[in-house]
Amino acid sequence: MKKFREMRAKIISSQLKKPLVVFRETPLFQYFCDDDRNDAILIEKGTIQKMGSKMIDQEFVENIPDELCCSSMSYKNRKCTECDEDIQKCFLHPLLSEVETIKKNNSQMREIIISSLRENLRGSSEIEIRERLMRDVYSGGFRLFYDPIVAGDINISEFWHRSKEYVPEKILYVEISAMKDGLSSMFSETFIMNEDNKKIDDYSSILKGEEFIRENFVEGKTTEDLSPLENFRNKEIYLTTPLFPYSHIPFPGENVMIHTMDISVFDLWIMRKDYTIRKKITAVAGSHRATIL
């Protein structure tokens with residue numbers, strides 16, 4: 001964790017003309033620091049310094065350099081000018097160490113969610129399932145990006161469904177976006193709750209779509225080569241959700257060349273008259289095969 005933060009600080013320092021301050025209320029703060037006592041972090045000459053009162057910690061920096069810039073203009077009470085350079089260019093791709101950490105975190109979060117659902121699925125309402133998932137995921141050391149999406153049966157068709165007292169009977173969709181170790185994790189899965197060959201066949205098609213991404217989201221291909229995924233797209237949703245804080249290739253979007261370590265989040269849907277199956281797939285492009293996070 002410390003190594004990839006230090007590496008990213010060096011990348012930022014090589015791109016920005018001034019020291020960068022990231023205040024605690026900006027999402028990027030969580031990427032660089034997990035100490036809630038800090039007011040901000042300062043990136044200068046490739047190093048990360050924690051800013052705050054020395055009464056709290058003697059290692060905190062209190063003196064702010066005269067010439068610096070900040071990552072956001074959203075907070076007018078902060079005496080800081082926004083960086084002229086595009087900070088997002090410093091997050092074009094994840095580092096290899098970050099990919100490995102995200103995979104490990106995703107695996108851990110998946111285990112937590114599956115375990116929670118085993119104990120809390122049958123006969124529970126969407127709200128009850130959501131609240132239990134929030135507690136269990138938080139207890140596992142994750143910070144939620146937003147409230148989990150828990151939708152049963154026909155409610156899955158609402159792409160930003162708010163949990164209700166409805167008790168799922170046949171099918172359940174769960175989506176959780178969270179952070180751990182400063183990195184984003186995404187869980188997105190549809191669970192078929194009763195034996196239904198049609199639903200199982202449709203879910204198998206989603207898995208084939210995932211394999212298509214693994215084989216085609218690779219160096220040298222273009223996003224036009226991914227056009228068969230249009231069959232899985234919800235036409236009401238135009239662009240995919242990025243994986244914070246990295247840049248991503250939007251799909252659909254302009255036709256662009258894919259390069260190794262590019263990221264995209266594919267939102268796959270199968271929509272029937274009486275049910276919907278959904279699965280988001282986060283992929284990192286490789287030289288021959290993509291990595292599914």
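Rules used throughout
- Here the residue numbers are simple positions, counted from 1 along each chain's written sequence.
- Local features in this predicted model are restricted to residues of pLDDT 70 or higher, and side-chain atom pairs are both shown and tallied only at a pLDDT of 80 or more, whereas totals for entire chains, interfaces and linings draw on every residue.
- Each side-chain value is worked out from all heavy atoms of the structure, with water and hydrogens disregarded.
- In this analysis an axis means a line fitted to C-alpha atoms, helices contributing only their contacting stretch, and an angle means the value between N-to-C directions, from 0 to 180 degrees.
- Each helix corresponds to a stretch of at least 4 residues labelled H or I by DSSP, and each strand to a stretch of at least 2 residues labelled E; elements are numbered beginning at the N terminus.
- Throughout, the term roughly parallel applies to angles under 35 degrees, roughly antiparallel to angles over 145, roughly perpendicular to angles from 65 to 115, and oblique to all others.
- Crossing chirality is assigned from the near helix's rotation relative to the far helix, an anticlockwise turn below a right angle marking it left-handed and a clockwise turn marking it right-handed.
- The contact criterion used throughout is that any non-hydrogen atoms of two residues lie within 4.5 Å.
- Every helix has an expected span of 1.5 Å times one less than the residues it contains.
- Partly exposed residues are those whose accessible area sits between 20% and 50% of the maximum for their type, while under 20% is buried and over 50% is exposed, using a 1.4 Å probe and protein chains only.
- The definition of a polar contact used here is a pair of N or O atoms within 3.5 Å, where within protein one atom must be able to donate a hydrogen and the other to accept one, and adjacent residues in sequence count solely through side-chain atom pairs.
- Nonpolar cores are built from buried Ala, Val, Leu, Ile, Met, Phe, Trp, Tyr and Cys residues. Side-chain atoms within 4.5 Å join them into one set.
- Cysteine sulfurs are considered disulfide-paired once they come within 2.5 Å of each other.
- Under the pairing criterion, centres of Phe, Tyr and Trp rings, with the six-membered ring standing for Trp, must be within 6.5 Å; the plane angle then separates stacked pairs below 30 degrees from edge-to-face pairs above 60, leaving the rest tilted.
- We call a charge positioned above a ring when the Lys NZ or Arg CZ atom is no farther than 6 Å from the ring centre and deviates by at most 35 degrees from the ring normal.
- One bridge is not enough; two strands pair if DSSP finds at least two bridges between them.

### What to know about the packing of helix H3 (residues 96-120) against helix H4 (residues 126-139)
Here's step 1: Relative to each other, H3 and H4 sit at 140°, their axes nearing to 10 Å. Our classification of the angle between H3 and H4 gives oblique. Seen from above, H3 lies across H4 with right-handed handedness. Where H3 abuts H4, its residues Met109, Ile112, Ile113, Ser116, Leu117, Glu119 and Asn120 lie against Glu128, Ile129, Arg132, Leu133, Asp136 and Val137.

### Notes on helix H5 (residues 197-216)
Here's step 1: Taking 1.5 Å of rise per residue, the 20 residues of H5 would be expected to cover 28 Å, and the 28 Å separating its terminal C-alpha atoms lies within 8% of that figure.
Here's step 2: Taken as a whole, H5 has its buried residues at Lys199, Asp202, Tyr203, Ile206, Gly209, Glu210, Ile213, Arg214 and Asn216.
Here's step 3: Two or three places before lysine 198, at the start of H5, stands the capping residue aspartate 196, its side-chain oxygen 3.0 Å from that residue's backbone nitrogen.

### Focus: the nonpolar core
Here's step 1: Grouped together as the largest cluster of nonpolar side chains are 29 residues, with contacts concentrated most on Ile12, Leu20, Tyr31, Phe32 and Phe91.
Here's step 2: Looking at this core, the elements with two or more residues in it are helix H1 (2-15), strand S1 (20-23), helix H2 (28-32), strand S2 (40-44), H3 and strand S9 (263-271).
Here's step 3: Among the elements that line this core, the one with the most residues is H2, at four residues.
Here's step 4: When residues no more than four places from it in sequence are discounted, the contact partners of phenylalanine 32 are Arg5, Arg8, Ala9, Ile12, Ile41, Ile43, Ile48 and Phe91.

### Things to note about the side chain of threonine 282
Here's step 1: Structurally, the position occupied by threonine 282 is in strand S10 (residues 276-284).
Here's step 2: On the basis of relative accessible area, threonine 282 is assigned to the buried category, the value being 6%.

### Quick notes on the state of the cysteines
Here's step 1: Evaluated as defined, the whole model comprises one disulfide.
Here's step 2: There is a disulfide in this structure between cysteine 69 and cysteine 83, and the S-S distance comes to 2.0 Å. Since a negative S-S torsion denotes a left-handed disulfide, the cysteine 69-cysteine 83 link at about 85° is right-handed. Here cysteine 83 lies in the loop between strand S4 (69-70) and H3 and cysteine 69 lies in strand S4, a separation of 14 residues in the sequence.
Here's step 3: Classification of cysteine 69 by relative accessible area gives buried; the value is 3%.

### Quick notes on the packing of aromatic side chains
Here's step 1: Evaluated as defined, the whole model comprises nine aromatic pairs.
Here's step 2: With a centroid separation of 6.5 Å and an interplanar angle of 75°, the aromatic rings of phenylalanine 32 and phenylalanine 91 are classed as edge-to-face. Taken together, the residues span a long stretch of sequence, with phenylalanine 32 in helix H2 and phenylalanine 91 in the loop between S4 and H3 at a distance of 59 residues.
Here's step 3: Residue class for phenylalanine 32 comes out buried when judged on its relative accessible area of 4%.
Here's step 4: For phenylalanine 91, a relative accessible area of 1% translates into the label buried.
Here's step 5: Centroid distance phenylalanine 217 to phenylalanine 266: 5.4 Å. Interplanar angle 85°. Geometry classified as edge-to-face. Placement of phenylalanine 217 in the loop between H5 and S9 and of phenylalanine 266 in strand S9 is noted, with a sequence separation of 49 residues between them.
Here's step 6: Given a relative accessible area of 2%, phenylalanine 266 falls into the buried group.
Here's step 7: Aromatic ring contacts, followed pair by pair, group Phe4, Tyr31, Phe32 and Phe91 into a single cluster.
Here's step 8: In this structure, lysine 180 packs its charged tip against the face of phenylalanine 142, placed 5.0 Å from the ring centre.
Here's step 9: The ring of tyrosine 275 carries the charged tip of lysine 199 above its face, separated from the ring centre by 4.7 Å.

### A closer look at the sheet that holds S10
Here's step 1: With antiparallel pairing, three strands are arranged side by side in an open sheet as S9-S10-S11. Both outer strands of the open sheet, S9 and strand S11 (291-292), are each paired with one neighbouring strand and no more.
Here's step 2: Where S9 meets S10, nine bridges bridge the pair, whose relative direction is antiparallel. Bridging from a neighbouring strand, valine 265 pairs with threonine 282 of S10.
Here's step 3: Where H5 meets the sheet, it contacts S9, S10 and S11, and its direction lies at approximately 15° from that of S10.

### A closer look at the pairing of strand S7 (residues 171-180)
Here's step 1: With respect to burial, S7 is a largely interior element, ten of its ten residues being buried.
Here's step 2: On S7, burial covers both faces: Ile171, Tyr173, Glu175, Ser177 and Met179 on one face and Leu172, Val174, Ile176, Ala178 and Lys180 on the other are all buried.
Here's step 3: When strand S5 (residues 143-144) meets S7, the two strands line up antiparallel, connected through two bridges. The partner of arginine 143 across the bridge, within S7, is methionine 179.
Here's step 4: Sheet topology places strand S6 (residues 149-152) next to S7; four bridges connect them, and they run antiparallel.

### Describing the sheet that holds S2
Here's step 1: The strand order across the open sheet built from four strands is S3-S2-S1-S4, with neighbouring strands paired in mixed fashion. The sheet terminates laterally at strand S3 (47-51) and S4, the two strands that pair on one side only.
Here's step 2: In this sheet, S4 lies alongside S1 in parallel orientation, the contact comprising two bridges. Residue pairing for S4: leucine 20 is matched across the bridge by cysteine 69.
Here's step 3: H1 rests against S1, S2 and S3 of the sheet, and its axis sits at about 60° to S2.

Function-wise, these values are silent; they only describe arrangement.
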